[in-house]
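Here's the letter readout for the chains.
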Amino acid sequence: MQIQLDAQPYSTIATDALVVCAFEDDSRFEGVLGEVDQRMKGALKKLVESGELSGKSLETVLIHFPEGLAAQRLLVVGAGKKAKFVAADLRKIAGTALRYLKSRGVKKFAFLAPEGERGTAGAQSVTEGLLWADYEADKYRTEKKPVREIDSVALAGFDMSLGDALKTAVEEGRVIGESANFARDLINEPSNRLTPRMLASRAEAMAKDVGLGIEVLDERKIAELKMGALIGVAQGSHEPPRVIVLRYKPENPKAGAPVLGLVGKSVTFDTGGISLKPADNMEDMKYDMGGGATMLGVMRALAFLKPSVPVIAVLPATENMPGGRAQKPGDVQVAMSGKTIEVINTDAEGRLILADAVFYARKLGATHLIDAATLTGAVRAALGNVHVGAFGTPREFLDDFLVSAKAQGEKMWPLPIDDEYEQFIKSDIADIRNTGTGKGAGATIGAWFIKEFVDDTPWVHLDIAATCWIHDGKPWIAKGPSGVAIRSIIDFARKLS
Ligand code: BES
Ligand code: ZN
Ligand code: ZN
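Residues numbered from 1 in each chain as written. Chains lettered and ligands numbered in written order. Predicted model: local features only at pLDDT ≥ 70, side-chain atom pairs only at ≥ 80, totals over all residues. Heavy atoms only, no water.

Q: Please clarify how the layout of surface pockets should be interpreted in this entry.
A: By rolling a water-sized probe across the atoms, one finds the places where empty space is left. Looking at the largest pocket, its volume works out to about 1300 Å³. What lines the largest pocket is a set of 43 residues, among which Ala88, Lys92, Gly409, Glu410 and Lys411 lie closest to the centre. Taken together, the elements giving at least two residues each to the lining of the largest pocket come down to β4 (73-80), α3 (87-102), α4 (120-134), α12 (395-407), β16 (412-414) and β19 (469-470). Per-element accounting of the lining of the largest pocket gives the leading share, six residues, to α3. Split into classes, the residues belonging to the lining of the largest pocket amount to 21 nonpolar, ten polar and twelve charged. (1 Å grid on protein atoms, 1.4 Å probe; cavity = no way out; pocket = protein on both sides within 12 Å on 5 of 7 lines; lining within 4 Å. Points joined across faces, edges and corners; volume = space filled by probe spheres on them. Helix = DSSP H or I, 4+ residues; strand = E, 2+ residues; numbered from the N terminus. Nonpolar A, V, L, I, M, F, W, Y, C, P; charged D, E, K, R; others polar.)

Rendered as structure tokens:
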């Protein structure tokens, strides 16, 4: 899909459809919409009077052969109340327009920037929204519906006097959108087509493609490094584990500057192990590598965006299977850090592999850590599928990260990780146990367990278990992998530099 800026007046763009936004307030006809309405001799005002066009958020009204416009169709997308409008809405509007027109066989359209969104931020948001929306998750369907593709989108109405800055914004939007879609493709793969070894090859191909450093640790090297917590999880499977390490190095690194470590849970399938999960919805557990894919998407984007901070990504990749050699409830494992862990529930495997991965990232020189993981069902109980559960220490570091999340329109909510929770993971026979002794606070206990291996390193933990996959399609995005957290982490990495 081509996306290019178009300096022509919107009314003269000969295209399949022109997309304009309508706000919900009385002021809706004061701007561009009023102009369009005049060209159309009041047709839009009539639609408002009849109640067909209200401007409420993501409403769509399609008009064929609009008078006074060179486009074949006019699509009006509701933008909601002007006072409540944020950049994230623009992504959803652009995405809704794309999916609406694509499903009707449209090949090319022009998107007219609404008032107040004609600068670089608006151009980038629209580009991102288009790319997120264009993604489909039906890779393995052989009977394709009639091929419906959007070939090109023209971005109209932007402030062309911004020149190259505007072009750069569109390019960055494309890099971020394509990187998210790269991650979403991985998350969508079934586990027989994405084993830990296959994930490592996909990461290697990507790294080569974009110029990132990569090293893949095999089972021998993992054993040499004594990553006992990861090995304990992996030993139930015939598929060997991998630890995937990617490196981004800036051209002129500053001495003593921070090194960002990104750690992503990469369980390519989570059966629960001997603490076996029930059959219902177990197929969802192919996306238990969503945290790892998120970090691969971030790294891919950073390779293009070239922040001045060095970044290391560590992905512990394994299956979690019940097998003759699988670890059993009550087993004690020794983590790479030397801490001993009593494995109470083999289904709490994410925290085990992250224990060794965050520790290893610190050994490799990471001074600041972010991990992303489909870690707990409990985060859904707390926040539903709306917010990512965000934990971190020190609190200021988490707050800095949440500023990026807010700026990127990704909903994340801080959850507690106070010292009182430490007693929940005390074991009778080892240093710690992998599940709580008390009741409740499931997401916090998972986070606390990881913290045991993070120590004093500034750290953010994102529990994306409930937000990484969209179970019901939305007007602006397909069912399937959401690509959540990628934009926030990229934004934060760029600010850390
Ligand atoms: N991968 C799951 C968490 C999960 C649940 C991700 C639903 C996506 C959707 C994780 O490994 C797990 O099984 N967690 C357990 C922990 C419990 C045994 C302490 C859970 O949340 O039930
Ligand atoms: Zn599990
Ligand atoms: Zn899991």
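Q: I keep staring at the coordination of the zinc ion (ligand 3) and nothing clicks. Help me out?
A: Four donors placed tetrahedrally around a metal ideally meet at 109.5 degrees, and six donors placed octahedrally ideally meet at 90 or 180 degrees. The zinc ion (ligand 3) binds to the protein through Lys265 (NZ), Asp270 (OD), Asp288 (OD) and Glu349 (OE), with metal-donor distances spanning 2.0 to 2.4 Å. Relative to the metal, the six donor atoms surrounding the zinc ion (ligand 3) lie at angles of 77 to 170°, and the coordination shape comes out octahedral. Mapped onto the sequence, the residues coordinating the zinc ion (ligand 3) show the spacing K-x4-D-x17-D-x60-E. Between the zinc ion (ligand 3) and the zinc ion (ligand 2) the interatomic distance amounts to 3.2 Å, and Asp270 serves as a bridging ligand to the pair. Of the two residues, Asp270 is situated in strand β10 (residues 266-270) and Glu349 in the loop between β13 (340-343) and α10 (350-363); the sequence distance between them amounts to 79 residues. Like Asp270, the residue Glu349 is buried in the burial classification. (Donors = N, O, S within 2.8 Å, 3.2 Å for Na, K, Ca; no water. Tetrahedral: all angles 85-135°; square planar, octahedral: opposite > 155°, others 65-115°. Buried < 20%, exposed > 50% of the residue type's maximum accessible area, 1.4 Å probe, protein only.)

Q: Can you help me understand the sheet that holds strand β3 (residues 60-64) in this one?
A: Paired through backbone hydrogen bonds, the strands of a sheet run either parallel or antiparallel to each other. Spatially, β1-β6-β5-β2-β4-β3 is the arrangement adopted by the six strands of the open sheet, whose pairing is mixed. Each end of this open sheet is capped by a strand with a single partner; those strands are β1 (2-6) and β3. Adjacent strand axes in the sheet meet at a mean angle of 25° when their direction is disregarded. Examined bridge by bridge, strand β5 (residues 108-112) and strand β6 (residues 152-156) share five bridges and lie parallel to one another. (Pairing = 2+ DSSP bridges. Axes fitted to C-alpha atoms, helices over the stretch in contact; angles between N-to-C directions.)

Q: Just checking my understanding: could you explain the sheet that holds β13 for this structure?
A: As summarised here, the arrangement of the three strands in space is β12-β13-β17, forming an open sheet in which the pairing is mixed. The open sheet has two free edges, formed respectively by β12 (331-334) and β17 (432-433), since each of these has just one partner strand. Pairing between β13 and β17: two bridges, direction parallel. Opposite Ile341, over in β17, you have Ile432 as the bridge partner.

Q: What am I meant to see in the nonpolar core here?
A: In summary, soluble globular proteins display a tendency toward joint burial of nonpolar side chains. Formed by 62 residues in total, the largest nonpolar core has its most connected members in Leu262, Ile370 and Leu462. With nine residues, helix α9 (residues 290-305) is the single largest residue contributor to this core. Not counting chain neighbours up to four residues away, the residues in contact with Leu462 comprise Ile370, Asp371, Ala372, Ala373, Val388, Gly389, Ala390, Phe401, Met412, Ala485 and Ile489. Ile312, Ile341, Ala373 and Ala447 belong to the second largest nonpolar core, which has 49 residues in total. (Core = buried A, V, L, I, M, F, W, Y, C linked by side-chain atoms within 4.5 Å. Contact = heavy atoms within 4.5 Å.)

Q: I tried to follow α9 on my own but got confused; where do I start?
A: In an α-helix, one full turn covers 3.6 residues, which means residues spaced three or four apart are oriented alike. With 16 residues, α9 extends 22 Å between its outermost C-alpha atoms, agreeing within 8% with the 22 Å of an ideal straight helix rising 1.5 Å per residue. Burial runs high along α9: 15 of the 16 residues are buried. Just downstream of α9 lies Lys306, where phi reads positive at about 45°. (Expected span 1.5 Å × (residues − 1).)

Q: Where do I start with α4 in this structure?
A: Relative to the 21 Å expected for 15 residues at 1.5 Å per residue, α4 spans 21 Å between its end C-alpha atoms, a close match to the ideal helical length. Most of α4 sits inside the fold, with 13 of its 15 residues counted as buried.

Q: Is there a simple way to explain the site of ligand 1 in this structure?
A: The full set close to ligand 1 counts 16 residues, and Lys277, Asp288, Asp347, Glu349 and Gly377 are the nearest of them. A distance of 2.9 Å separates an oxygen atom of ligand 1 from a polar side-chain atom of Asp270. At a separation of 2.7 Å, an oxygen atom of ligand 1 approaches a polar backbone atom of Gly377. For ligand 1, whose accessible area on its own is 520 Å², the fraction buried by protein is 77%. In terms of residue class, the shell around ligand 1 is built from four nonpolar, five polar and seven charged. (Near = heavy atom within 4 Å. Polar contact = N/O pair within 3.5 Å; in protein donor to acceptor, adjacent residues only side chain to side chain. Areas by Shrake-Rupley, 256 points an atom, 1.4 Å probe, with all protein chains shown as cover.)

Q: Would you mind going over empty space enclosed by the protein with me for this structure?
A: In this structure the tally under the stated criterion is three cavities of 30 Å³ or more. Within this model, the largest cavity holds a volume of roughly 120 Å³. Around the largest cavity, the lining is made up of 15 residues, and of these Cys21, Phe23, Val32, Leu33 and Glu115 lie nearest the centre. Within the residue set of the lining of the largest cavity, elements represented by two or more residues are β2 (17-23) and α1 (32-39). The biggest single contributor to the lining of the largest cavity is β2, with four residues. Of the residues assigned to the lining of the largest cavity, the class counts are nine nonpolar, two polar and four charged.

Q: How should I be thinking about the coordination of the zinc ion (ligand 2) in this particular structure?
A: Donor atoms from the polypeptide that coordinate the zinc ion (ligand 2) comprise Asp270 (OD), Asp347 (O), Asp347 (OD) and Glu349 (OE), at 2.0 to 2.2 Å from the metal. Viewed at the metal, the six donor atoms of the zinc ion (ligand 2) are separated by angles of 71 to 166°, and the geometry they form is irregular. Of note, the zinc ion (ligand 2) draws all its donor residues from one chain, in the sequence arrangement D-x76-D-x1-E. Classification of Asp347 by relative accessible area gives partly exposed; the value is 22%. According to the relative accessible area criterion, Glu349 is buried, its value standing at 0%.

Any link to function would need more than the numbers given here.
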